[in-house]
Amino acid sequence: MDPPPRAWRSELARLALVLAPAGAAGWLAGAPLAAPLAAMVLWSGYILHRLRRLERDAADRRRTLFDKAEKSSTDLEIGIVMVDEDGNLEWCNRTGEDLLGLRRSEDRGRSVTSLVRDPLFVEYFDGGRYAEPLKFSAPGSVNRVLECRIALYGERGRLMVVRDITRLHRLEQMRTDFVGNVSHELGTPITVIKGYLEAIMANMEDLDEKWRRPARQMHQQSLRMKNLVNDLLLLSSLETQSLSGRQGRIELSVLISEIQHETQHVFDSKGHALSIHCRRDIRLIGDRKEIYSALSNLVNNAAKYTPRDGTIAIKAYFSGPFFDIEVIDNGIGIESRHIPRLTERFYRIDAGRSSETGSTGLGLAIVKHVLARHGAELEIDSDLGRGSRFVCRFPVDRIEVDAEGVDGPSERDR
Ligand code: ADP
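The present account deals with the structure reproduced in this document.

About the cut-offs
Residues numbered from 1 in each chain as written. Predicted model: local features only at pLDDT ≥ 70, side-chain atom pairs only at ≥ 80, totals over all residues. Heavy atoms only, no water. Buried < 20%, exposed > 50% of the residue type's maximum accessible area, 1.4 Å probe, protein only. Helix = DSSP H or I, 4+ residues; strand = E, 2+ residues; numbered from the N terminus. Arc of directions from axis to C-beta. Contact = heavy atoms within 4.5 Å. Polar contact = N/O pair within 3.5 Å; in protein donor to acceptor, adjacent residues only side chain to side chain. Near = heavy atom within 4 Å. Nonpolar A, V, L, I, M, F, W, Y, C, P; charged D, E, K, R; others polar. Pairing = 2+ DSSP bridges. Axes fitted to C-alpha atoms, helices over the stretch in contact; angles between N-to-C directions. Core = buried A, V, L, I, M, F, W, Y, C linked by side-chain atoms within 4.5 Å.

Examining helix H6 (residues 119–127)
Item 1. Every buried residue belonging to H6 is among Phe-121, Tyr-124 and Phe-125, and all of these are buried. Projection of H6 onto a plane perpendicular to its axis shows the buried side chains occupying an angular sector of 95 degrees, all on one side. Opposite the buried face of H6, by more than 90 degrees, sit the exposed residues Pro-119, Glu-123 and Asp-126.
Item 2. Against strand E1 (78–83), helix H5 (112–115), strand E3 (134–138), strand E4 (141–153) and strand E5 (157–164) lie the buried residues of H6.
Item 3. Here H6 starts with a cap whose side-chain oxygen sits 2.8 Å from the backbone nitrogen of Leu-120, and that cap is Asp-118.

Structure, rendered in structure tokens:
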């Protein structure tokens, strides 16, 4: 145990208690210096012996603590790896050794990225962005999936926490496959039903009066089912397919014009005014189909959730280290308590209205997924009864400004 803060005082008192009788005895025996000196030597030996014991106890206690930490982390099957400021292995527990194929004593001092060479891991480790965990294959076993989280400690040390998520990953994959397969299988029957209902709608006058309303409702619901299946298929492809290889340079103003064209009939039918502010020399690097789907969802929502004669704007502009594409409406707005949950699948504020609007509750989930795949984020601001603002915030490295400037910036640009 550490000596109490006032230990030196009692030590001094004890020394005095030893020296005083030794001095007296020495004086009586005619050796006034030799006796206290001998007592001092003995006393120093005793102090050294106590210091040694103290040090040994402290080391034992440290080792016990370490053993306990190691045992509990191993029991929990969590790999713990400590990395020094130069990225070299300092220590790891047994599960860490097992999961990452490390050897604690031999590998100590070696660079972690030379020990775990998976390119995904190396990029993550060197990238320094640890807000989200990394999923990667265990070294030497592609069927084993690991999750790694990194936290910084001390000056520049890193603490890695690694766990085996193979089972979780498999379940997640089964869920995704199941949703994908069911949606795919439902596609054909729904198309057939919808086709017949469309034919019936086109010949409504041949239909008995009492069947006209049910036929109209069936047609409306078949449209909704088709939308649902399409959205589910899109979500499952977003979850299963990687983005790389399908990316290109998207002329943003052209893409927005296409969306405007596609939604024009909705805007016309509700008397909405749409304004667009986007430079014509902007190229966004990404998957055109996905970006189209995300922006189109936002524009359709703005039209859908804005009462007649509303005003909707699409603006695209540089904002510090970001490039923002925002869709603003002066519609019904959203109560703040709903905002954090809007991007959840099937989350709708007014589920009762979804059959009228053909809503699926999947639109914003798709937007969030698409943006995340492009390193972007969705920000939502809204005032109940006044309108909403949905901002797609892209990192600027996804943007290229065309030096030739196609047609130069449009006059409405910011
Ligand atoms: P939905 O298919 O129901 O539109 P979304 O995922 O696109 O599904 O949107 C989820 C919910 O968010 C909607 O049901 C609606 O309540 C709300 N919402 C989305 N966009 C807007 C908007 N521009 N104004 C008001 N509410 C909105």
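Some remarks on the site of the ligand
Item 1. If you check the shell around the ligand, you find 20 residues, and the closest are Asn-301, Tyr-305, Asp-329, Gly-361 and Leu-364.
Item 2. Counting only elements with at least two residues in the shell around the ligand, the list comes to helix H10 (288–304), helix H12 (363–373) and strand E12 (387–395).
Item 3. With three residues, H10 is the single largest residue contributor to the shell around the ligand.
Item 4. Of the residues that constitute the shell around the ligand, the class distribution is 10 nonpolar, seven polar and three charged.

What to know about the sheet that holds E4
Item 1. Across the sheet, five strands lie side by side as E2-E1-E5-E4-E3; this open sheet has antiparallel pairing. Each having just a single partner strand, strand E2 (89–92) and E3 make up the two edges of the open sheet. Each strand of the sheet is rotated relative to its neighbour by a mean of 30 degrees, with strand direction disregarded.
Item 2. For E1 and E5, the ladder comprises six bridges, and the chain directions are antiparallel. Residue pairing in the sheet places Met-82 in a bridge with Leu-159 of E5.
Item 3. On top of the sheet, H6 reaches E1, E3, E4 and E5; it is set at about 145 degrees to E3, its chief contact.
Item 4. Helix H7 (residues 166–202) contacts E3, E4 and E5 of the sheet and is inclined by roughly 115 degrees relative to E4.

Section: the nonpolar core
Item 1. Counting residues in each nonpolar core, the largest one holds 45 residues, and the members touching the most others are Leu-252, Ile-325 and Phe-394.
Item 2. By residue number, the principal contributor to this core is H10, which donates eight residues.
Item 3. Look past the residues within four positions of Phe-394 in its chain and what remains in contact with it is Leu-284, Ile-291, Pro-321, Phe-322, Phe-323, Ile-325, Leu-371, His-374 and Ala-376.
Item 4. Grouped together as the second largest cluster of nonpolar side chains are 22 residues, Val-81, Leu-89, Leu-100 and Leu-102 included.

Describing the sheet that holds strand E6 (residues 248–251)
Item 1. An order of E6-E8-E13 is seen for the three strands of this open sheet, with the pairing classed as antiparallel. Across the chains shown, the open sheet's two edge strands, defined by having one partner strand only, are E6 and strand E13 (399–401). Across this sheet, the average inter-strand angle for adjacent strands is 35 degrees, counted without regard to direction.
Item 2. As defined by bridge partners, strand E8 (residues 282–286) adjoins E13 across three bridges and the pair is classed as antiparallel. Looking at the pairing, Arg-283 lines up with Glu-400 of E13.
Item 3. Strand contacts of helix H9 (residues 252–270): E6 and E8, with the helix running at about 60 degrees to E6, the strand carrying the most contacts.

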